[in-house]
Amino acid sequence: QVLLVESGGGLVQAGGSLRLSCAASGRSQSGYAMAWFRQAPGKEREFVSAVDWNSLTYYADSVKGRFTISKDNAGNTVYLQMNSLKPEDTAVYYCASRVRRYYSSDSKNYENWGQGTQVTVSS
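Residues numbered from 1 in each chain as written. Predicted model: local features only at pLDDT ≥ 70, side-chain atom pairs only at ≥ 80, totals over all residues. Heavy atoms only, no water.

S.K.: Quick rundown of the sheet that holds strand β3 (residues 18–25)? Include the residues and the values.
M.R.: Taken together, the four strands give an open sheet; going across it, the order is β1-β3-β8-β7, and neighbouring strands pair in antiparallel fashion. The open sheet is flanked by β1 (3–7) and β7 (67–71), the only strands paired with a single partner. Across the sheet, the mean angle from the axis of one strand to that of its neighbour is 15 degrees, orientation sign disregarded. As paired elements, β7 and strand β8 (residues 77–82) share five bridges and run antiparallel to each other. Residue Phe 67 lies in a different strand from β8, and its bridge partner there is Met 82. (Pairing = 2+ DSSP bridges. Helix = DSSP H or I, 4+ residues; strand = E, 2+ residues; numbered from the N terminus. Axes fitted to C-alpha atoms, helices over the stretch in contact; angles between N-to-C directions.)

Here it is in structure tokens:
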């Protein structure tokens, strides 16, 4: 079993930045894909970004060029650097991992989830 713990959320003004972290414990994630999803009130959970076992990265069109995903050398901590934040980025952000090397943009394909961290962007 993998435990994922997110941190780094908060309140920021539009145009500002935040850095989210997701620490994994219980099983090494170095050989697997990890991702960030988000869910705004009244909306479905949506894919934000992912990193494969080989550090290839993927982004939703809505965040491309503004967000950057990365992981530490051990592969057990994943970061999401969020720049140029917009009010529409407001959501609960979730870290997820799957027992596969390659990412999926479908939340149903991830077995492990963190508890989520709130990101609020004011206009």
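S.K.: Could you give an account of the state of the cysteines, with specific residues and numbers?
M.R.: Summed over the entire model, instances satisfying the criterion amount to one disulfide. Two residues, Cys 22 and Cys 95, share a disulfide whose sulfurs are 2.0 Å apart. Measuring handedness by torsion sign, the sulfur bridge of Cys 22 and Cys 95 sits at about -75 degrees and is left-handed. Separated by 73 residues along the polypeptide, Cys 22 in strand β3 and Cys 95 in strand β9 (residues 91–97) bring together distant segments of the chain. When sorted by exposure, Cys 22 lands in the same class as Cys 95, which is buried. (Disulfide = S-S within 2.5 Å. Buried < 20%, exposed > 50% of the residue type's maximum accessible area, 1.4 Å probe, protein only.)

S.K.: Can you break down the packing of aromatic side chains residue by residue, with the values?
M.R.: Counted by the stated rule, this structure contains seven aromatic pairs. Centre to centre, the rings of Phe 37 and Phe 47 are 5.7 Å apart; their planes meet at 75 degrees, and the pair counts as edge-to-face. In this pair, Phe 37 is assigned in strand β4 (residues 34–39) and Phe 47 in strand β5 (residues 46–51), connecting sequence segments ten residues apart. The residues Phe 37 and Phe 47 share a single accessibility class, namely buried. We note Arg 45 situated over the ring of Tyr 94; from NZ or CZ to the ring centre the distance is 3.8 Å. (Phe/Tyr/Trp six-rings, centres within 6.5 Å; stacked < 30°, edge-to-face > 60°. Lys NZ or Arg CZ within 6 Å of the ring centre and 35° of its normal.)

S.K.: Quick one: what's the story with the pairing of strand β11 (residues 117–122), residue by residue and with numbers?
M.R.: Covered by surrounding structure in β11 are Thr 117, Val 119 and Val 121 only, the residues Gln 118, Thr 120 and Ser 122 on the alternate face being uncovered. Bridge count between strand β2 (residues 10–13) and β11: four bridges; the pairing is parallel. Following the sheet pairing, Leu 11 is matched in β11 by Thr 120. Where β9 lies against β11, three bridges are found, and the strand directions are antiparallel. Paired with Tyr 93 across the strands is Thr 117, a residue of β11.

S.K.: Can you explain the environment of Ser 7? Please cite residues and give values.
M.R.: Locating Ser 7 in the fold gives a position in strand β1. Placed 14 residues apart in sequence, Ser 7 and Ser 21 show a C-alpha to C-alpha distance of 5.3 Å. Among residues more than four places away in sequence, those in contact with Ser 7 are Arg 19, Leu 20, Ser 21 and Thr 117. (Contact = heavy atoms within 4.5 Å.)

S.K.: So, the environment of Met 82: which residues are in play, and what are the values?
M.R.: Secondary-structure assignment places Met 82 in strand β8. Its relative accessible area of 0% is what places Met 82 among the buried residues. Expressed as a C-alpha distance, the spacing of Met 82 and Tyr 110, which sit 28 residues apart in the sequence, is 22 Å. Sequence-distant contacts of Met 82, that is, excluding residues within four places in its chain, are made with Gly 16, Ser 17, Leu 18, Leu 20, Arg 66, Phe 67, Tyr 93 and Val 119.

By themselves, these are just geometric observations and shouldn't be taken as functional.
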